[in-house]
Amino acid sequence: MSSRINVAIDGPAGAGKSTVARKVAQQLGYVYIDTGAMYRAVAFAANRAGIPASGAARLAELMKTIEIALEPGPDGQLVRLNGEDITTGIRSREVTLQVSEIASHEAVRVKLVEMQRQLAAMKGIVMDGRDIGTTVLPNAEVKVFLIASVQVRALRRFQELSGIEAVPIEQLEKEIAERDRSDESREISPLTRAQDAVVVDSTELSIDQVVAVILDLCRTKTVEAK
Ligand code: CDP
Ligand code: CDP
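Residues numbered from 1 in each chain as written. Chains lettered and ligands numbered in written order. Predicted model: local features only at pLDDT ≥ 70, side-chain atom pairs only at ≥ 80, totals over all residues.

Worth spelling out the cut-off: UniProt positions are given in the numbering used here, feature names are shortened, and annotations may be inferred rather than shown by experiment.
Identification of the chain as Cytidylate kinase from Paenibacillus taihuensis is taken from an unreviewed UniProt entry. Taken from UniProt, the Subcellular location (unreviewed entry) comment for the chain reads in full: "Cytoplasm". Looking at the Sequence similarities (unreviewed entry) heading of the UniProt record, one finds this comment for the chain: "Belongs to the cytidylate kinase family. Type 1 subfamily."

Let's talk about the packing of helix 7 (residues 150-161) against helix 8 (residues 169-185)
The line we're drawing: Every axis in this analysis is a line fitted to C-alpha atoms, fitted for helices over the stretch in contact. Angles between the N-to-C directions lie between 0 and 180 degrees. Working definition: helices are DSSP H or I runs of at least four residues, strands are E runs of at least two. Numbering for both runs from the N terminus. Throughout, the term roughly parallel applies to angles under 35 degrees, roughly antiparallel to angles over 145, roughly perpendicular to angles from 65 to 115, and oblique to all others. Put simply, a crossing is left-handed when the front helix is turned counterclockwise from the back one by less than a right angle, and right-handed when it is turned clockwise. Whether two residues are in contact depends on their C-beta atoms, placed from the backbone: they are in contact if these lie within 7 Å.
For the pair helix 7 and helix 8, interaxial distance at closest approach is 9 Å and the crossing angle is 120°. Looking at the two axes, helix 7 sits oblique to helix 8. In the crossing of helix 7 with helix 8, the sense of the turn from one axis to the other is right-handed. Counted together, Val150, Gln151, Arg153, Ala154, Leu155, Arg157 and Phe158 of helix 7 and Ile169, Leu172, Glu173, Ile176 and Ala177 of helix 8 form the full contact between these two elements.

Here's the deal with the site of ligand 1
Selection criterion: Near, as applied to residues and a molecule or strand, means the residue's backbone-placed C-beta atom lies within 6 Å of it. Charged means Asp, Glu, Lys or Arg here, nonpolar means Ala, Val, Leu, Ile, Met, Phe, Trp, Tyr, Cys or Pro, and polar covers whatever is left, Gly included.
The environment of ligand 1 is formed by 16 residues, the closest being Ala13, Gly36, Tyr39, Ala103 and Gly129. Residue assignment for the shell around ligand 1 shows that the elements contributing at least two residues are helix 2 (35-48), helix 4 (93-102) and helix 8. Ranked by the residues each element gives to the shell around ligand 1, the list is headed by helix 2, at 4 residues. For the shell around ligand 1, the class distribution of residues is 5 nonpolar, 6 polar and 5 charged.

Some remarks on helix 4
The test is simple: Partly exposed residues are those whose C-beta has more than 12 but fewer than 20 other C-beta atoms within 10 Å; with 20 or more the residue is buried, with 12 or fewer it is exposed, and the C-beta atoms are placed from the backbone.
Along helix 4, the positions that sit buried rather than exposed are Val95, Gln98, Val99, Ser100 and Ile102. Contacts from the buried residues of helix 4 go to helix 2, helix 3 (56-65), helix 5 (106-119) and helix 8.

Some words on the site of ligand 2
Around ligand 2 there are 15 residues in total, and Gly16, Lys17, Ser18, Thr19 and Arg156 lie nearest to it. At the level of elements, helix 1 (17-28), helix 7 and helix 9 (207-225) are the ones that each hand at least two residues to the shell around ligand 2. With 3 residues, helix 1 is the single largest residue contributor to the shell around ligand 2. Within the shell around ligand 2, the residues separate by chemical class into 5 nonpolar, 7 polar and 3 charged.

Thoughts on the sheet that holds strand 4 (residues 76-81)
So the rule is basically this: The pairing criterion for strands is at least two bridges between them, as found by DSSP.
The strand order 3-4-5 describes an open sheet built from 3 strands, whose pairing is antiparallel. Every interior strand has two partners, whereas the edge strands, strand 3 (68-73) and strand 5 (84-85), have only one. Here strand 3 pairs with strand 4 via 6 bridges, running antiparallel. By the bridge assignment for strand 4, Ile68 is matched with Leu81. The sheet strands contacting helix 2 are strand 3 and strand 4, and the helix crosses strand 4 at an angle near 35°.

Comments concerning the environment of Val31
By the element assignment, Val31 lies in strand 2 (residues 31-34). Put simply, Val31 and Arg181 are 150 residues apart on the chain and 30 Å apart in space, counted from C-alpha to C-alpha. Apart from the residues within four sequence positions on either side, Val31 is in contact with Ala25, Gly124 and Ile125.

Quick notes on the pairing of strand 1 (residues 6-10)
A large share of strand 1 lies buried, amounting to 5 of its 5 residues. Of the pairings in the sheet, the one linking strand 1 to strand 6 (residues 125-129) comprises 5 bridges and is parallel in character. Directly across from Val7, in strand 6, lies its bridge partner Val126. Relative to strand 7 (residues 142-147), strand 1 runs parallel, the two being bridged by 4 bridges. Bridging across to strand 7, Val7 finds its partner in Val142.

Observations concerning the confidence of the model for the chain
Threshold: pLDDT is a per-residue confidence score from the predictor, ranging from 0 to 100.
Taken residue by residue, the chain gives an average pLDDT of 94. The fraction at 70 or more is 98%. As a predicted assembly, this complex carries a pTM of 0.95 together with an ipTM value of 0.97.

Listed below in structure tokens is the structure:
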């Protein structure tokens, strides 16, 4: 019997989800799927089409015309929108400031959740996002809810932006707290811990320490699955 499992990692912005999810996938020889990148791709497409984040009807139409693909690239995951490589574009501040409202629309979530479930149909997936353990993969064998203080998360973003964009740390802290509020309070699939998720607080842990904790959880489950 296959002992491959699925791993769901959820949590707020800047908790370290994508960094540790990528490493866990590498260690296990699994595929990493960044669902936030898919929501960012929709926000990018909406921006380009001049659709405001509040435009439910136009966003629903947009969802019928766009195709989002994730594929392995030389420096991690490549994101394509109708074939075009938008990997860099989806990380812009403009996208970051709009993505949470875009992600609150039903038409957006229905299509992306369906895509994500298809991608995980073959076991051996590490997927990170906000609703993976609760909605996308409720049967994932390992579920982690990764958290960290707002101050530490803002500091991590500040360090990432160093030399690229000068945004005051207080501003980043405000934006992260606002995105948390918006992700936690939306009606459909809000950011919340699945009952069976293990909470890992990365405030005072290094990336490698978090990876080790998650690999331990995976080891237990793969032994059980054998
Ligand atoms: O990397 P960062 O924490 O900035 O966010 P992300 O994972 O790229 O996700 C961007 C936004 O997409 C989040 O703030 C959520 O609003 C939305 N998202 C979601 O609603 N559900 C997911 N499964 C993943 C992301
Ligand atoms: O995906 P998410 O928004 O949850 O966070 P991330 O983009 O993986 O991590 C944000 C930043 O925090 C990255 O620059 C990581 O290298 C850093 N990080 C850290 O310094 N310590 C950790 N324990 C986890 C992440």
